[in-house]
Amino acid sequence: MKPWDYGKLRVSGNHRYLCTGERPFFWLGDTAWLIFGKLTDQEAYTYLRNRKEKGYNVIQATLIHEWPQKNIDGAHALKNEDYASPDLEGGYWQRTERIVSMAEELGLYMALLPTWGGNVSSGRLNLENADPYLDFLLERFGQRPNVIWLVGGDVKGDAAPEVFRHIGKRLKEESYGQLVGFHPFGRTSSSLWFHEEPWLDFNMFQSGHRRYDQTTLGAWDDNGKNPDNYGEDNWRYVKRDLARVPQKPTVDGEPSYEQIVQGLHDSSQPYWQSWDTRRYAYWSVFAGAFGHTFGDNAIMQFFNKERETKGAFSVWQDWREALHNIGAMQMAHLKNLMESVDYQNGSAAQHLLAGEEGEKYDRISVFAGEDYIFCYDYSGRPFALDLTEYTGSFDAYWMDPVTGAYSYFGTANGGEQAEYTPVKRLEGHSDWVLALRRKA
């Protein structure tokens, strides 16, 4: 069965997660911004099936990203570069619809951005030409069961707030019950501008691609005096978003991509690796995010060495090679872990730590429910838990976020404190998940 066969995708009753009907839905997204412009039909199918079989269920993509927007065959998205006049003759939209249909057949949601945010902040898409374009999008995509809408696109909401509000309002009110979010600028969240808007079903933040020390690089994506700038601590966005009233679910829609240069702009800097992508995923989900979006530098731009001489952000891999990068393979282990328990009635549980939770890379992230306790330890340091609020006994495992394997090592007892020391890996990064599950 496909997810929507259980019911429409909706916000859960506790306003912190998503469901399809009454069935919990854990968002595992991948970033494919340029899929409609860069891929053939067969290439798109290869990518979508690869992600489906890795456990992904949401693909984030932009309908009009570059300017002017064309596809690989040279077909234009718009006539005379005017949003009021989509080009229906050249084949751009026919392929776009075929790709969305491929995703539907595979049981994948498409989180579609009507346009990249820079096309709104520049005034290309504005209040005068937005309605004809929205009429067109709603007619073709507004009743599809596998479409989610994302307003924005790497942009601050105050760049064109009235345009974004108009787009969000129409998509929410005139689509067939589809969810609407907003993809924001780096190190910001949609909650900064649109949290109380009735069309915004969930918040999305972009924790971004910079290290803790890369606060100011003199580049276009500097934030200046930004209250959202938490460095690599993406869990802080979750904590702050979930504290807002009214409560809405939140997700990291763009953390550091696998194999993208740290800070984006300086090719002499190191690249983010698989263990970095794992850290962002576990930190945000264990803080209460309703899922996670992964990204890969070569995939998000579909860099093809046979067609292009140079890509963006120091990309070095062909996307067809990057399909098999290990970080992308490891995201499903987190999804499987969460779906193995009643995670929608669980919550962040830092209070269970008997000692300091740790700063930056030494942070221990804890998520717990009545019958389970999960702890993510990125640095592999020893830590202790205070289980005095629990009764009964738990089976104790180390879950390997690299392989998804569980290694049983004993029992944890409610009413007690216990210390845990992860084993050091013989190779690679020593991050582990402590998984305590109540004995049957």
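Data block above holds the structure.
Residues numbered from 1 in each chain as written. Predicted model: local features only at pLDDT ≥ 70, side-chain atom pairs only at ≥ 80, totals over all residues. Heavy atoms only, no water.

Undergrad: How do you make sense of empty space enclosed by the protein when you look at a structure like this?
TA: Think of a ball as big as a water molecule: rolled over the atoms, this probe shows where empty space is left. Scanning all chains against the criterion turns up two cavities of 30 Å³ or more. Put simply, the largest cavity is a space of about 40 Å³. Lining the largest cavity are Trp67, Pro68, Gln69, His76, Ala77, Leu78 and Glu81. The calculated volume of the second largest cavity comes to roughly 30 Å³. (1 Å grid on protein atoms, 1.4 Å probe; cavity = no way out; pocket = protein on both sides within 12 Å on 5 of 7 lines; lining within 4 Å. Points joined across faces, edges and corners; volume = space filled by probe spheres on them.)

Undergrad: For this particular structure, what's the right way to read the nonpolar core?
TA: Here is a general trend for soluble globular proteins: nonpolar side chains tend to be buried in one another's company. With 115 residues, the main nonpolar core has Trp27, Ile35, Phe36, Tyr47, Leu48, Trp93 and Phe286 as its most contacted residues. Excluding its chain neighbours within four sequence positions, the residues that come into contact with tyrosine 47 are Asp30, Thr31, Ala32, Ile35, Leu39, Ile59, Ile299, Phe302, Trp319 and Leu323. In this structure, Leu353, Val366, Ala368 and Phe394 belong to the second largest nonpolar core, which totals 20 residues. (Core = buried A, V, L, I, M, F, W, Y, C linked by side-chain atoms within 4.5 Å. Buried < 20%, exposed > 50% of the residue type's maximum accessible area, 1.4 Å probe, protein only. Contact = heavy atoms within 4.5 Å.)

Undergrad: Help me understand the pairing of strand S5 (residues 58-62), please; the structure alone is not making it clear to me.
TA: In summary, the side chains of a regular strand alternate between the two faces of the sheet. The element S5 is largely enclosed, with a buried count of five among its five residues. With burial as the criterion, each face of S5 is covered, one bearing Val58, Gln60 and Thr62 and the other bearing Ile59 and Ala61. Where strand S4 (residues 27-31) lies against S5, three bridges are found, and the strand directions are parallel. Bridge pairing links threonine 31 to glutamine 60 in S5. (Helix = DSSP H or I, 4+ residues; strand = E, 2+ residues; numbered from the N terminus. Pairing = 2+ DSSP bridges.)

Undergrad: Could you clarify how one ought to interpret the side chain of serine 175 in this entry?
TA: Looking at the element boundaries, serine 175 is found in the loop between helix H6 (161-174) and strand S8 (180-184). Serine 175 gets classed as buried once you look at its relative accessible area, which sits at 11%. At a separation of 2.7 Å, a polar atom in the side chain of serine 175 contacts the main-chain carbonyl oxygen of leucine 171. (Polar contact = N/O pair within 3.5 Å; in protein donor to acceptor, adjacent residues only side chain to side chain.)

Undergrad: Would you mind showing me how to read the environment of aspartate 371 here?
TA: Checked against the element boundaries, aspartate 371 lands in the loop between strand S14 (364-368) and strand S15 (372-377). Using a relative accessible area of 42% as the deciding quantity, one classes aspartate 371 as partly exposed. Sequence-distant contacts of aspartate 371, that is, excluding residues within four places in its chain, are made with Phe394, Leu436, Arg437 and Arg438.

Undergrad: Hey, could you run me through the sheet that holds strand S9 (residues 188-189) in this one?
TA: Within a sheet, each strand pairs with its neighbour through backbone hydrogen bonds, oriented either parallel or antiparallel. Within the open sheet, the three strands sit side by side as S9-S10-S11. Their pairing is mixed. Lying at the two open borders of the sheet, with one neighbouring strand each, are S9 and strand S11 (250-252). Relative to strand S10 (residues 203-206), S9 runs antiparallel, the two sharing two bridges. Of the residues in S10, the one forming a bridge with threonine 188 is glutamine 206. Across the sheet, helix H8 (residues 235-242) lies against S9, S10 and S11, angled at about 155 degrees from S10, the strand it touches most. (Axes fitted to C-alpha atoms, helices over the stretch in contact; angles between N-to-C directions.)

Undergrad: Explanation requested: the packing of helix H3 (residues 92-106) against helix H5 (residues 130-141) in the structure shown.
TA: Interaxial distance between H3 and H5 falls to 12 Å at its minimum, and their mutual angle equals 40 degrees. Comparing the axis directions of H3 and H5 gives the class oblique. The element H3 and its partner H5 pack so that their crossing is right-handed. Between H3 and H5, the contacting residues are Trp93, Thr96, Glu97 and Val100 on the first element and Tyr133, Phe136, Leu137, Arg140 and Phe141 on the second. Class assignment for the residues of the contact of H3 with H5 results in six nonpolar, one polar and two charged. (Parallel < 35°, antiparallel > 145°, perpendicular 65-115°, else oblique. Left-handed = near helix turned anticlockwise from the far one by under 90°. Nonpolar A, V, L, I, M, F, W, Y, C, P; charged D, E, K, R; others polar.)

Undergrad: Would you mind going over H3 with me for this structure?
TA: The α-helix winds at 3.6 residues per turn, so residues separated by three or four positions along the chain end up facing the same way. Between its first and last C-alpha atoms H3 spans 22 Å; for 15 residues at 1.5 Å apiece the expected length is 21 Å, and the two agree. Among the residues of H3, Tyr92, Trp93, Arg95, Thr96, Ile99, Val100, Met102, Ala103 and Leu106 are the ones counted as buried. On its buried face, H3 sits against helix H1 (35-38), helix H2 (41-53), strand S6 (109-113), H5 and strand S7 (147-155). Taken from the residues just after H3, glycine 107 is the one with a positive phi, measuring 80 degrees. (Expected span 1.5 Å × (residues − 1).)

Undergrad: Looking at this structure, I do not really get the packing of H5 against H6. What am I missing?
TA: Helices that pack against each other are described as a pair by the angle of their axes relative to one another and the distance between those axes. Where H5 contacts H6, the axes come no closer than 11 Å and their chain directions differ by 30 degrees. Relative to H6, the element H5 is oriented roughly parallel. The two elements H5 and H6 cross, and the hand of that crossing is right-handed. Two secondary-structure elements touch here, H5 through Ala130, Asp131, Leu134, Asp135 and Leu138 and H6 through His166, Ile167, Arg170, Leu171 and Glu174.

Undergrad: Explain H5 here, please?
TA: Given a rise of 1.5 Å per residue, twelve residues ought to cover 16 Å, and the 16 Å separating the end C-alpha atoms of H5 matches this to within 8%. Residues of H5 that are buried include every one of Ala130, Tyr133, Leu134, Phe136, Leu137, Leu138 and Phe141, and no others. Contacts from the buried residues of H5 go to H3, S6, S7 and H6.

Undergrad: What exactly am I supposed to notice about the sheet that holds S15 here?
TA: With antiparallel pairing, the six strands of this open sheet are ordered in space as S13-S14-S15-S20-S17-S18. At either margin of the open sheet sits one strand with a lone partner, and together these are strand S13 (347-348) and strand S18 (406-413). Here S14 pairs with S15 via five bridges, running antiparallel. Across the sheet, residue serine 365 finds its bridge partner in S15, namely tyrosine 376. Where helix H9 (residues 274-286) meets the sheet, it contacts S13, S14, S15, strand S17 (393-399) and strand S20 (432-438), and its direction lies at approximately 145 degrees from that of S15.

Undergrad: Before we go on, may I ask you to explain unusual backbone geometry in this structure?
TA: Only a minority of non-glycine residues have a phi that is not negative, and only a minority of peptide bonds are not trans. In this chain, tryptophan 67 is followed by proline 68 through a cis amide linkage whose omega measures -10 degrees. Looking at where proline 68 falls in the secondary structure, it is placed in the loop between S5 and H3. At the junction of valine 245 and proline 246, the peptide bond is cis and its omega measures out at -5 degrees in the coordinates. As for its placement among the helices and strands, proline 246 is situated in the loop between H8 and S11. Phi at arginine 187 takes a positive value of approximately 65 degrees, unusual for a residue other than glycine.

Undergrad: Sorry, what's going on with the side chain of serine 207 here?
TA: When you line up the elements, serine 207 lands in the loop between S10 and H8. For serine 207, the side chain forms a polar contact with the side chain of aspartate 252, separated by 2.6 Å. Dropping the residues within four chain positions of it, serine 207 is found in contact with Arg187, Gly231, Asn234, Tyr237, Asp252, Glu254, Pro255 and Tyr280.

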